[in-house]
Amino acid sequence: MLSLFILGLSLYFQKKDWLKEFKLPLGSFIFGVFIILFSEPLYENDHYRYLWEGNAFLRGENPYLHAPNSSLLDHLIFKGRELIGFDHLTTVYPPLGIIFFGLGGIFGLEVGLRILMLLNAVLVYFCFLKLKDHTKPWMLVALFPFFIKEFIQAIHIDLLAAFFFLLFLMEKKGNFQKRVVFIFLSIWTKVLGVAALPFLLFLELKEKKDLLKRITPILVTAISLPLFLEWFVGLSSLMGVREFTIDWVWNPGFYSILTRVFELYDDEARGLTGQFYGGYLFILTGFCLYRLFKNDWELSKEFCLKLFYLIFAGLMFFTPVYNGWYAIWFVFPALLLRLNTGVFYGVISAFCYTHYGFEDYHYLGEFLTHIWFPLSIIELIRLKSSLPHQERRT
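Residues numbered from 1 in each chain as written. Predicted model: local features only at pLDDT ≥ 70, side-chain atom pairs only at ≥ 80, totals over all residues. Heavy atoms only, no water.

This next bit is on the overall build of the protein. When you go through the protein residue by residue, the secondary structure sums to 18 helices and 0 strands. A compact globule built from 394 residues would reach a C-alpha radius of gyration of about 21 Å, and the protein, at 21 Å, matches this within 12%. The principal-axis extents of the C-alpha atoms in the protein amount to approximately 60 × 50 × 50 Å. Counting across all 394 residues of the protein, residues that qualify as buried make up 54%. Counting contacts in the protein only where the partners sit at least 6 residues apart, residues at least 24 apart contribute 75% of the total. Separation between the mean location of the 35 positive side-chain charges and that of the 33 negative ones in the protein comes to 14 Å. (Helix = DSSP H or I, 4+ residues; strand = E, 2+ residues; numbered from the N terminus. Rg over C-alpha atoms; globule rule 2.2 N^0.38 Å. Buried < 20%, exposed > 50% of the residue type's maximum accessible area, 1.4 Å probe, protein only. Contact = heavy atoms within 4.5 Å. Lys, Arg positive; Asp, Glu negative; His and termini not counted. Charge placed at Lys NZ, Arg CZ, Asp CG, Glu CD.)

In C-alpha cells:
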C-alpha cells in the first residue's frame with residue numbers, strides 16, 4: 001500500500017509540475033537509514049541464509065558442499081541458523097555474493113544484519129546519484145520504497161550485482177575494458193549479468209576489426225565462473241541451484257496462466273514455460289540480428305537498453321519464481337529508457353507479498369504484478385528515443 005501511495009503521489013506531483021528534479025539530501029537519507037537499522041526484514045527469512053553462508057565461507061567452510069543443516073558445520077555457533085528456510089539446500093550464490101554476505105555474517109546475526117543494511121544503503125544512495133539526471137524524477141520517488149524494503153532492510157544481493165550492471169549500462173562510449181570488468185563482477189555476484197555478454201561484442205563497435213579484440217576477454221568472463229565452480233566443488237555438486245530451478249514456485253506470471261487457466265500439472269507447465277521463454281528469446285535474437293545487419297554490426301546503447309529490459313522483464317514474467325526484488329534487473333533499464341510501465345512493473349511487484357495474510361487472493365497479486373509486462377511491451381514499441389543525443393547512435 002505504501003508503494004501504491006508513493007506512486008500515486010509522485011505522479012500527482014509530476015502532473016502539477018512540482019516534481020522537476022529528484023533530490024536525496026544526505027542528512028535525511030542517513031536519518032532514514034538509522035531508523036531502518038532498528039527494524040527487521042519484513043516478510044523475509046533469506047537474510048538468515050545470507051549471513052550464515054557468508055559467515056561459514058569466511059571461516060573456511062564450503063557452503064556449496066554443506067547445507068546449513070549439515071552436522072559437519074555444528075562447530076559454527078550462529079544465532080538464527082535454525083531459522084534458515086530450506087536448510088537442506090546448499091548455496092545458490094556465486095563467490096562474490098557470499099563474500100559480501102560474509103562482511104556482515106562474520107559478526108553474527110544482529111550486528112551482521114546492520115552492517116549489510118548500511119552497505120546496501122550506500123549502494124542505494126550511489127544508484128540514485130547515478131540515475132537522478134538520466135530519468136524522470138517521479139520514477140525515482142515511486143521506486144524509493146521498493147529500494148528501502150528489498151535492499152536496505154532485506155539486504156538482498158541483487159542490489160550489488162545489478163549495481164555493477166548499472167555501471168556497465170552507464171559507462172561512456174569507448175571504455176570496453178571497464179564494461180567487461182563490471183559484467184565480470186556482476187556475474188560473480190549473481191549470474192543474471194551473463195545477459196550482457198553477447199551484447200558486449202557489438203555494443204558501440206567502432207570498427208569490425210575490434211571484434212577480434214573483444215572476443216577473448218568476453219570468453220574469459222563467460223567461462224570464469226563455471227570453471228572456478230567446477231574446480232572448487234564440481235558443477236554436479238550444486239544441489240541448491242538444481243532444486244531451486246526444479247521445485248520452487250512464487251508469484252508467477254505465465255506459469256500461473258498455465259496452471260490456473262489451463263490446469264496443467266507442474267512439470268508440464270514448467271516445461272512449457274521454458275519453451276515459451278526460449279521462443280521469446282529466439283524472437284529477440286532475430287530482432288538483434290536484423291539490427292546488426294542493418295547497422296553494420298554495431299548495436300547502439302539505446303537498442304541494448306531495450307533488449308535488456310525485454311530479456312529481464314520477460315524472464316520475470318515467464319519464470320515460476322518471481323521474488324519482488326528481482327525487479328531491479330529490469331528497473332534499471334526501464335529508468336534509463338524512461339519507460340513508465342516498466343517502472344510500474346517494478347513498483348507493483350510489491351503485490352507478491354499478498355501471499356502473507358491474503359493467501360486466498362494471491363492469484364490477484366500475481367495478475368496485478370504481471371499485467372504490466374505486456375503493457376510495457378506496447379509502450380516500448382511506441383517509445384521514441386529517450387536518451388540524450390550524445391548517448392545514442394542511430
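Next up on the list: the nonpolar core. Phe147, Phe168, Tyr309, Phe330 and Phe332 are the most contacted members of the largest nonpolar core, which has 124 residues in total. Ranked by residue count, the leading element in this core is helix α14 (residues 301–318), at 13 residues. (Core = buried A, V, L, I, M, F, W, Y, C linked by side-chain atoms within 4.5 Å.)

Moving on, we get to a nonpolar patch on the surface. Judged by side-chain polarity, Phe358, Tyr361, Tyr363, Leu364 and Phe367 come together as a nonpolar surface patch covering roughly 570 Å² of accessible area. Summarising the element assignment, Phe358 is placed in the loop between α16 (340–347) and α17 (362–370). (Patch = residues over 30% accessible without salt bridge, like charges linked within 9 Å, V, L, I, M, F, W, Y side chains within 5 Å. Areas by Shrake-Rupley, 256 points an atom, 1.4 Å probe, with all protein chains shown as cover. Salt bridge = Lys/Arg side-chain N within 4 Å of Asp/Glu carboxyl O.)

Turning our eyes to something else, we now look at the pattern of salt bridges. With the rule as written, the count across this model stands at 15 salt bridges. The salt bridge partner of Arg114 is Glu110, with a shortest N-O separation of 3.0 Å. One end of the pair is Arg114 and the other is Glu110, both in helix α5 (residues 109–131) and 4 residues apart, which spans about a single turn. For Glu110, a relative accessible area of 36% gives the class partly exposed. The residue Asp158 makes a salt bridge to Lys190 at a minimum N-O spacing of 3.0 Å. One end of the pair, Asp158, is in helix α7 (residues 158–170); the other, Lys190, is in the loop between α8 (176–187) and α9 (197–200), and 32 residues separate them in sequence. Taking relative accessible area as the criterion, Asp158 reaches 0% and is therefore assigned buried. For Lys190, a relative accessible area of 15% puts it in the buried group. Taken together, the shared-partner salt bridges connect Glu40, Lys79, Glu110 and Arg114 into one network.

All right, on to the environment of Asn340 then. Here Asn340 lies in helix α16. Between the C-alpha atom of Asn340 and that of Glu379, which follows or precedes it by 39 residues, the distance is 8.0 Å. Once you skip the residues sitting within four places of it in the chain, Asn340 turns out to touch Lys136, Trp138, Met139 and Glu379. Polar contacts involving the side chain of Asn340 include one to the side chain of Lys136, which spans 3.0 Å. (Polar contact = N/O pair within 3.5 Å; in protein donor to acceptor, adjacent residues only side chain to side chain.)

Right, let's talk about the side chain of Arg214 for a bit. Note that Arg214 resides in helix α10 (residues 210–232). Within the buried set, Arg214 has no salt-bridge partner at all; the shortest N-O distance to an opposite charge, 5.9 Å, is to Asp210. Within the structure, Arg214 has its side chain in polar contact with the backbone oxygen of Leu200 (distance 2.9 Å). With residues up to four places along the chain from it excluded, the contact list for Arg214 reads Phe176, Leu200, Leu201, Phe202, Leu203, Glu204 and Leu205.

Once that is clear, we can look at the packing of aromatic side chains. For any two aromatic rings, the description comes down to two numbers: the centre-to-centre distance and the angle of the planes. One pass over the full model with this rule turns up 51 aromatic pairs. Aromatic side chains Tyr64 and Phe232 sit 6.1 Å apart centroid to centroid with 90 degrees between the ring planes, which places their arrangement in the edge-to-face category. Of the two residues, Tyr64 is situated in the loop between α3 (46–58) and α4 (95–105) and Phe232 in helix α10; the sequence distance between them amounts to 168 residues. Tyr64 gets classed as buried once you look at its relative accessible area, which sits at 3%. Exposure remark for Phe232: the relative accessible area of 28% places this residue in the partly exposed category. On the numbers, 5.3 Å between centres and 15 degrees between planes, the contact of Phe228 with Phe232 is stacked. On the criterion of helical spacing, the pair formed by Phe228 and Phe232 is a turn pair, its members being 4 residues apart in helix α10. Classification of Phe228 as partly exposed rests on a relative accessible area of 22%. (Phe/Tyr/Trp six-rings, centres within 6.5 Å; stacked < 30°, edge-to-face > 60°.)

Tallied over the full model, the rule gives 1 cavity of 30 Å³ or more. Contributing to the lining of the largest cavity are Phe168, Leu169, Leu203, Lys301, Cys304, Leu305 and Phe308. Looking at which element gives the most residues to the lining of the largest cavity, the answer is α14, with 4 residues. Grouping the constituent residues of the lining of the largest cavity by class yields 6 nonpolar, no polar and 1 charged. (1 Å grid on protein atoms, 1.4 Å probe; cavity = no way out; pocket = protein on both sides within 12 Å on 5 of 7 lines; lining within 4 Å. Points joined across faces, edges and corners; volume = space filled by probe spheres on them. Nonpolar A, V, L, I, M, F, W, Y, C, P; charged D, E, K, R; others polar.)

Let us look at the environment of Val33. Secondary-structure assignment places Val33 in helix α2 (residues 26–36). On the accessibility criterion, Val33 (6% relative accessible area) is buried. The spatial distance from the C-alpha of Val33 to the C-alpha of Glu302 is 34 Å, given a sequence separation of 269 residues. Leave out the neighbours within four places in its chain, and Val33 touches Leu118, Ala121 and Ile152.

Among the 8 residues that make up α16, 7 are buried, leaving the element largely enclosed by the rest of the structure. Burial in α16 covers these residues: Thr341, Gly342, Val343, Phe344, Tyr345, Gly346 and Val347.

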